[in-house]
Amino acid sequence: AQSVTQLGSHVSVSEGALVLLRCNYSSSVPPYLFWYVQYPNQGLQLLLKYTTGATLVKGINGFEAEFKKSETSFHLTKPSAHMSDAAEYFCAVSARHSTLTFGKGTMLLVSP
Amino acid sequence: DTAVSQTPKYLVTQMGNDKSIKCEQNLGHDTMYWYKQDSKKFLKIMFSYNNKELIINETVPNRFSPKSPDKAHLNLHINSLELGDSAVYFCASSQSGDTAQETQYFGPGTRLLVL
């Protein structure tokens, strides 16, 4: 069984500030970890994913995430927020022979 | 070119009715999925098809029946609609479905409101 916990249903930042969205996972086997973004009234789009290899993963739009096995975490960061980053962000986990399990999402609000 | 498309985008209907949602992908993928996103934005898989064969069927009422006429299409038929069926339904696809590492590509969603 696997699960994802996203801390904070809403995160507010100012434009230009650091973005940090937290994700912790639970998996009994080596996990594959994903971040998806959902803009208003749209489907989900992959930001980045960790499968194997380098634990620091870079994605689209300047986002990156680091897989930390000891902390069972996969937090998403971006050095400088833009207004266009305002969206819902979903962390998800899968593993061999299992389906994708999503967290409950974090709404990122960016103020000018 | 839309990779994963769904119709209709919005669906408003009365309790007890039967409705269908259609999904098509032009990515050449072998696997397609249906997800339900509830009012709290929680996303949960319902079904998965690989090359027209059902491979995942989560705990979903029998009123929901997926149908895959070919590997590019996965439709969702819902009988006797209930208020609790109101949600956004997303179709997705992935290349082979053999590996849990694959990226899933999502459609824009169908917003279903049952009155």
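Just above sits the structure.
On a predicted model such as this, the values are computed, not experimentally measured, just so you know.

Draft legend 1. Up close: the overall build of chain A. Along the backbone of chain A there are zero helices and 11 strands. Listing every helix and strand of chain A by position from the N terminus yields β-β-β-β-β-β-β-β-β-β-β. In summary, chain A has a C-alpha radius of gyration of 13 Å against a globular reference of 13 Å for 112 residues, a match within 12%. Taken over the C-alpha atoms alone, chain A extends approximately 45 × 30 × 20 Å along its principal axes. Here chain A, with 112 residues, has 46% of them falling under the buried criterion. Within chain A, counting contacts between residues at least 6 apart in sequence, those at least 24 apart form 57% of the total. Counting only carbon and sulfur atoms, one obtains 54% of the accessible surface of chain A, whose full area is about 5300 Å².

Draft legend 2. Quick peek at the interface of chain A and chain B. Taken together, the contact between chain A and chain B spans 23 residues of the former and 18 residues of the latter. For the pair chain A and chain B, the summed buried surface comes to about 1600 Å²; carbon and sulfur atoms form 56% of the total. For the interface between chain A and chain B, the tally reads one salt bridge. Two residues, Lys41 of chain B and Glu88 of chain A, come together in a salt bridge whose shortest N-O distance is 3.5 Å. Viewed at the interface, chain B and chain A are joined by seven residue pairs in polar contact (both at pLDDT 80 or more). Of all the secondary structure elements, the ones that give two or more residues to the side of chain A that touches chain B are β4 (32-38), β5 (44-50) and β9 (87-94) of chain A. Counting residues per element, the side of chain A that touches chain B draws most heavily on β4 of chain A, which supplies four residues.

Draft legend 3. How the structure looks around the pattern of salt bridges. Residue and element names in this part refer to chain A. Overall, the coordinates contain six salt bridges over all chains when judged by the stated rule. The partner of Glu64 in a salt bridge is Lys58, and the shortest N-O contact between them spans 2.8 Å. Residue classification places Lys58 among the exposed residues on the basis of a relative accessible area of 63%. Where Asp85 meets Lys78, a salt bridge forms, and the shortest distance between an N and an O atom there is 2.8 Å.

Draft legend 4. Looking closely at the pairing of strand β11 (residues 110-114) of chain B. Residues and elements named next belong to chain B. Counting buried positions over the five residues of β11 gives four, a clear majority of the element. Two elements, strand β9 (residues 87-94) and β11, share three bridges in a ladder whose sense is antiparallel. Of the residues in β11, the one forming a bridge with Val88 is Arg111.

Draft legend 5. Seen up close, the nonpolar core. One finds Trp35, Leu48, Leu76 and Tyr89 of chain A to be the most contacted residues of the largest nonpolar core, which totals 27 residues. Within the residue set of this core, elements represented by two or more residues are β2 (10-14), β3 (19-27), β4, β5, β7 (64-68), β8 (73-78), β9 and β11 (106-111) of chain A. What Leu48 of chain A contacts, discounting residues up to four positions off in sequence, is Leu33, Phe34, Trp35, Val57, Lys58, Gly59, Phe63, Glu64, Ala65, Phe74 and Leu76 of chain A. Within the second largest apolar cluster, 20 residues are counted, among which are Met32, Tyr49, Phe64 and Leu74 of chain B.

Draft legend 6. Looking closely at the sheet that holds strand β6 (residues 56-58) of chain A. Residues and elements named next belong to chain A. Taken together, five strands build an open sheet; the order of strands is β1-β3-β8-β7-β6 and the sheet is antiparallel. Either end of the sheet is taken by a strand with one partner, and the two such strands are β1 (2-7) and β6. With strand direction ignored, the average angle separating the axes of adjacent strands in the sheet is 20 degrees.

Draft legend 7. A look at the sheet that holds strand β1 (residues 4-7) of chain B. Residues and elements named next belong to chain B. In space, the four strands of this open sheet follow the order β1-β3-β8-β7, with antiparallel pairing throughout. Two strands close off the open sheet at either side, each with one partner strand: β1 and β7 (64-70). With direction set aside, neighbouring strand axes in the sheet form an average angle of 20 degrees. For β7 and strand β8 (residues 73-78), the ladder comprises five bridges, and the chain directions are antiparallel. Its bridge partner lying in β8, Ser65 is registered against His77.

Draft legend 8. Summary view of the packing of aromatic side chains. If you walk through the whole model with that rule in mind, you get 13 aromatic pairs over all chains. Geometrically, the ring pair formed by Tyr50 of chain A and Phe67 of chain A is stacked, given 4.4 Å between the ring centres and 25 degrees between the ring planes. With Tyr50 of chain A in strand β5 and Phe67 of chain A in strand β7, the pair connects residues that are 17 residues apart, well separated along the chain. Per residue, the accessibility class of Tyr50 of chain A equals that of Phe67 of chain A, and both read buried. Seen from their ring centres, Phe90 of chain A and Phe102 of chain A are 6.3 Å apart, and the 90 degrees between their planes marks the pair as edge-to-face. Of this pair, Phe90 of chain A sits in strand β9 while Phe102 of chain A sits in strand β10 (residues 101-102); the two residues are 12 residues apart in sequence, bridging distant segments of the chain. Here Phe102 of chain A falls in the buried class, since its relative accessible area comes to 3%. Through a chain of ring-to-ring contacts, the aromatic side chains of Phe34, Tyr36, Phe90 and Phe102 of chain A together with Tyr33, Tyr35, Phe90 and Phe106 of chain B assemble into a single cluster.

Analysis parameters
- The written sequence of each chain sets the order in which its residues are numbered from 1.
- Chain letters start at A and ligand numbers start at 1, both assigned in the order the entries are written.
- Given that this is a predicted model, residues contribute local features only at a pLDDT of at least 70 and side-chain atom pairs are listed and counted only at 80 or more, while totals for whole chains, interfaces and linings are drawn from all residues.
- To get the side-chain values, all heavy atoms of the structure are used, and hydrogens and water are removed first.
- Each helix is a run of H or I in the DSSP string that is no shorter than four residues. Each strand is a run of E no shorter than two, and both are numbered from the N terminus.
- Only C-alpha atoms enter the radius of gyration; for comparison, a globular chain is expected to reach 2.2 Å times N to the power 0.38, where N is the number of residues.
- Categorising residues by exposure relies on relative accessible area from a 1.4 Å probe, with only protein chains included: less than 20% of the type maximum marks a residue as buried, more than 50% marks it as exposed, and the intermediate range marks it as partly exposed.
- Only heavy atoms enter the contact rule, under which two residues are in contact if any of them lie within 4.5 Å.
- Note on areas: these come from Shrake-Rupley sampling with a 1.4 Å probe, and a residue is covered only by the protein chains present in the view.
- Accessible-area loss on putting two parts together, using a 1.4 Å probe and summing over both, is the definition of buried area adopted here.
- Think of a salt bridge as a Lys or Arg side-chain nitrogen and an Asp or Glu carboxyl oxygen that are within 4 Å of each other.
- Under the rule applied, a polar contact is a pair of N or O atoms within 3.5 Å (in protein, one hydrogen donor and one hydrogen acceptor; residues adjacent in sequence only if both atoms are side-chain atoms).
- Should DSSP find at least two bridges between two strands, the strands are regarded as paired.
- To define a nonpolar core, start from buried Ala, Val, Leu, Ile, Met, Phe, Trp, Tyr and Cys residues and group those joined through side-chain atoms within 4.5 Å.
- Each axis is a line fitted through C-alpha atoms, and for a helix only the stretch in contact is used; angles between axes span 0 to 180 degrees, taken between their N-to-C directions.
- Ring pairs are drawn from Phe, Tyr and Trp, using the six-membered ring of Trp, whenever the two centres fall within 6.5 Å, and their geometry is named by plane angle: stacked under 30 degrees, edge-to-face over 60, tilted for the rest.

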